[in-house]
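# Secondary and tertiary structure notes
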2 protein chains.
Amino acid sequence: MPYRKPPAVEDRLAAAREHLVEQATSVVAEAGWANASVTAVAAAAGMSVGSVYQHFPSKQALAVEVFRRASGHEVDVLGEVLREGSGDPVERLALGVGVFARRAMERRGLAHALLAAPAEPAVGRERLEFRRRYRAVFAEVVREGVDAGLLPRQDPEITAAALTGAIGEVLVDPLAAPAEGPEAGRLVDELVAMSLRCAGATHGTTPTIPEDSR
Amino acid sequence: MPYRKPPAVEDRLAAAREHLVEQATSVVAEAGWANASVTAVAAAAGMSVGSVYQHFPSKQALAVEVFRRASGHEVDVLGEVLREGSGDPVERLALGVGVFARRAMERRGLAHALLAAPAEPAVGRERLEFRRRYRAVFAEVVREGVDAGLLPRQDPEITAAALTGAIGEVLVDPLAAPAEGPEAGRLVDELVAMSLRCAGATHGTTPTIPEDSR
């Protein structure tokens, strides 16, 4: 862009940092935490190892930033669907779980890294923190459903914790269904149905559980 | 014991190793993985650091043994209740979840270490492996319940994964209910009720969810 004023040093640094975090996220998604060394990330970002250390003091600090950025985006998307999706609280719960599951299945490597893959303790601590955020958004919609008389009386915090754990566990099994095709659709349907059962919903999207069959 | 033949060297080594693993488990339960250094474990076991290394080549190897031993015991107890407890599959599921929850709440520090606390990647890998074992025992009882017509049609593997994740998540919140007293009992009741809902049970121990109220 020869005719534009060169961006300020701060802008360039911010852009470089952004590029670095994006590339590091791709490395983590493809190769896992253990293989996302500073050397590997530097190579992916087309930077020197020294430049990486200009932005992050350690591999751990970079890993924490990758985790926060990616998890923060997922919890924001989920929260938005649960709060502002269409329909009543039960329909929004079904929608939110479905959207979350599809996103995770389309980004299987990243989802596994975020939800379950063995990682250094600093990432483990972030994971516990983010699980609290997931629980908060689920608790809100469950509470709404109970208040509206659509869900039976229950402790919304416990159901929210259960949903967070249940959905994470179902999605991270490396042996689970493929990322697309009928099997993937079936997994999403089962997961939505299980989530609605878990919250005690008696209506909603429960295609796999006809009332009169086993 | 002056009149008895001294035990063979192998027996003495095995007893010392057993004592070491027990003491290490207590240190992990009280202080967490990060603080269970070889030095701390040696002090707790009344051994020299060198003796600890005679039994385990690294802190990591000792941590893995602590994890396997303690988790193995919990999954065995759960499996036994789910398979051989009294009642139909739904009643056994309620019983198993209740027993597992009470055990975890009575050993809060250990349960947190086993289920969720940030730990080195080697322990994280063991955790994934043990979650598969939990899922297998839950899947068995859910499948039995579906076959008996007590539970709606569902993918027992998915429900089992959901139960594993849900129960773990509910139990590891450091802000959750205390280890004893009415609040602890309420948490166990809620957890059992949620588990039965999750599996689609319409009978069983669901004290907190009257059908006709919200």
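The name recorded for chain A in an unreviewed UniProt entry is TetR/AcrR family transcriptional regulator, from Streptomyces tirandamycinicus.

A few words now on the overall build of chain A. Each helix and strand counted, chain A has nine helices and zero strands in total. From first element to last, N terminus to C terminus, chain A shows the α and β order α-α-α-α-α-α-α-α-α. Here chain A holds 214 residues, and the buried ones make up 51% of them. Carbon and sulfur atoms make up 53% of the accessible area of chain A, which totals about 10,000 Å².

The two copies are related by a screw motion: chain B maps onto chain A through a turn of 180 degrees and a shift of 0.0 Å along the axis, at an RMSD of 0.0 Å. On this basis, the relationship between the two copies can be described by a two-fold rotation axis. Mapped onto chain A, 100% of the interface residues of chain B again fall at the interface, so both copies present the same surface.

Turning next to the interface of chain B and chain A. Facing 43 residues of chain B, the contacting portion of chain A comprises 43 residues. Summed over both sides, the interface between chain B and chain A buries roughly 3,600 Å², with carbon and sulfur atoms accounting for 58% of that surface. The interface formed by chain B and chain A contains six salt bridges. For the salt bridge of Arg135(A) with Glu169(B), the shortest nitrogen-to-oxygen distance reads 3.6 Å. One can count 12 residue pairs in polar contact (both at pLDDT 80 or more) joining chain B with chain A. Going through the elements one at a time, helix 7 (121–147), helix 8 (156–172) and helix 9 (182–199) of chain B are the ones with two or more residues in the side of chain B that touches chain A. Looking at the side of chain B that touches chain A, its residues break down into 20 nonpolar, 10 polar and 13 charged.

Residues and elements named next belong to chain A. Counted by the stated rule, this structure contains 30 salt bridges over all chains. Glu129 is paired through a salt bridge with Arg132; the nearest N and O atoms lie 3.1 Å apart. Of the two residues, Glu129 and Arg132 are both situated in helix 7 (residues 121–147); the distance of three residues between them amounts to about one turn of the helix. Looking at Arg132, the relative accessible area reads 34%, which means it is partly exposed. Among the ionic pairs, Glu190 bridges to Arg186, the shortest N-O distance being 3.9 Å. Here the residue Glu190 and the residue Arg186 both occupy positions in helix 9 (residues 182–199), the gap between them amounting to four residues, near one helical turn. A relative accessible area of 6% places Glu190 in the buried class.

What follows concerns the packing of aromatic side chains. What the rule picks out here adds up to six aromatic pairs over all chains. Following the ring pairs from residue to residue traces out a cluster consisting of Trp33(A), Phe67(A) and Phe130(A).

Formed by 138 residues in total, the largest nonpolar core has its most connected members in Trp33(A) and Trp33(B). Once residues lying within four places of it in the same chain are set aside, the contact partners of Trp33(A) are Val28(A), Lys59(A), Ala63(A), Val66(A), Phe67(A), Ala113(A), Ala117(A), Pro118(A), Ala119(A), Val123(A) and Arg127(A).

To continue, consider the layout of surface pockets. All names here are of chain B. For the second largest pocket, the calculated volume is near 330 Å³. Residue lining of the second largest pocket: 22 residues in total, with Ala70, Ser71, Glu74, Leu110 and Leu114 positioned closest to the centre. The biggest single contributor to the lining of the second largest pocket is helix 4 (residues 59–84), with six residues. Its residues assigned to classes, the lining of the second largest pocket comprises 11 nonpolar, three polar and eight charged. Of the residues that make up the lining of the second largest pocket, three or more belong to each of domain 1 (1–56) and domain 2 (60–199).

Turning our attention to the UniProt feature "DNA-binding region" (unreviewed entry) in chain A. Within the UniProt annotation, "DNA-binding region" (unreviewed entry) is assigned to residues 37–56 of chain A. Annotated as residues 37–56 of chain A, this span is 75% helix and 0% strand, and its ends, taken at the C-alpha atoms, are 13 Å apart.

Attention now goes to the side chain of Glu65(B). Topologically, Glu65(B) is positioned in helix 4. What Glu65(B) contacts, discounting residues up to four positions off in sequence, is Arg17(B), Val21(B) and Phe56(B).

A separate point is the packing of helix 8 (residues 156–172) of chain A against helix 9 of chain A. Residue and element names in this part refer to chain A. Here helix 8 crosses helix 9 at 160 degrees, and the two axes come no closer than 10 Å. Taken together, helix 8 and helix 9 sit at an angle that is classed as roughly antiparallel. Crossing of helix 8 against helix 9: the hand is right-handed. Residues Thr159, Ala162, Leu163, Ala166, Ile167, Val170 and Leu171 of helix 8 pack against Leu187, Leu191, Met194, Ser195, Cys198 and Ala199 of helix 9. Partitioned by chemical class, the residues of the contact of helix 8 with helix 9 number 11 nonpolar, two polar and no charged.

Now for helix 8 of chain A. Taking 1.5 Å per residue as the helical rise, helix 8 of chain A with its 17 residues ought to reach 24 Å, and the 24 Å between its terminal C-alpha atoms agrees with that figure. Backbone nitrogen of Glu157(A) and a side-chain oxygen of the N-cap are separated by 2.9 Å at the start of helix 8 of chain A; the cap is Asp155(A).

Before going further, it helps to spend a moment on helix 1 (residues 9–31) of chain B. All names here are of chain B. Over its 23 residues, helix 1 runs 32 Å from end to end, which matches the ideal 33 Å to within 8%, given 1.5 Å per residue. Buried within helix 1 we find Leu20, Val21, Ala24, Thr25, Val27 and Val28. Buried positions along helix 1 lie against helix 2 (38–45), helix 3 (49–55), helix 4 and helix 6 (108–115). Immediately downstream of helix 1, the backbone of Gly32 shows phi near 90 degrees, a positive value.

Cut-offs used in this document
- Residues numbered from 1 in each chain as written.
- Chains lettered and ligands numbered in written order.
- Predicted model: local features only at pLDDT ≥ 70, side-chain atom pairs only at ≥ 80, totals over all residues.
- Heavy atoms only, no water.
- Helix = DSSP H or I, 4+ residues; strand = E, 2+ residues; numbered from the N terminus.
- Buried < 20%, exposed > 50% of the residue type's maximum accessible area, 1.4 Å probe, protein only.
- Areas by Shrake-Rupley, 256 points an atom, 1.4 Å probe, with all protein chains shown as cover.
- Least-squares fit on C-alpha atoms with pLDDT ≥ 70 in both.
- Contact = heavy atoms within 4.5 Å.
- Buried area = accessible area lost by both parts, 1.4 Å probe.
- Salt bridge = Lys/Arg side-chain N within 4 Å of Asp/Glu carboxyl O.
- Polar contact = N/O pair within 3.5 Å; in protein donor to acceptor, adjacent residues only side chain to side chain.
- Nonpolar A, V, L, I, M, F, W, Y, C, P; charged D, E, K, R; others polar.
- Phe/Tyr/Trp six-rings, centres within 6.5 Å; stacked < 30°, edge-to-face > 60°.
- Core = buried A, V, L, I, M, F, W, Y, C linked by side-chain atoms within 4.5 Å.
- 1 Å grid on protein atoms, 1.4 Å probe; cavity = no way out; pocket = protein on both sides within 12 Å on 5 of 7 lines; lining within 4 Å.
- Points joined across faces, edges and corners; volume = space filled by probe spheres on them.
- Domains from an automatic or database assignment.
- UniProt positions renumbered as here; feature names shortened; annotations may be inferred.
- Axes fitted to C-alpha atoms, helices over the stretch in contact; angles between N-to-C directions.
- Parallel < 35°, antiparallel > 145°, perpendicular 65-115°, else oblique.
- Left-handed = near helix turned anticlockwise from the far one by under 90°.
- Expected span 1.5 Å × (residues − 1).

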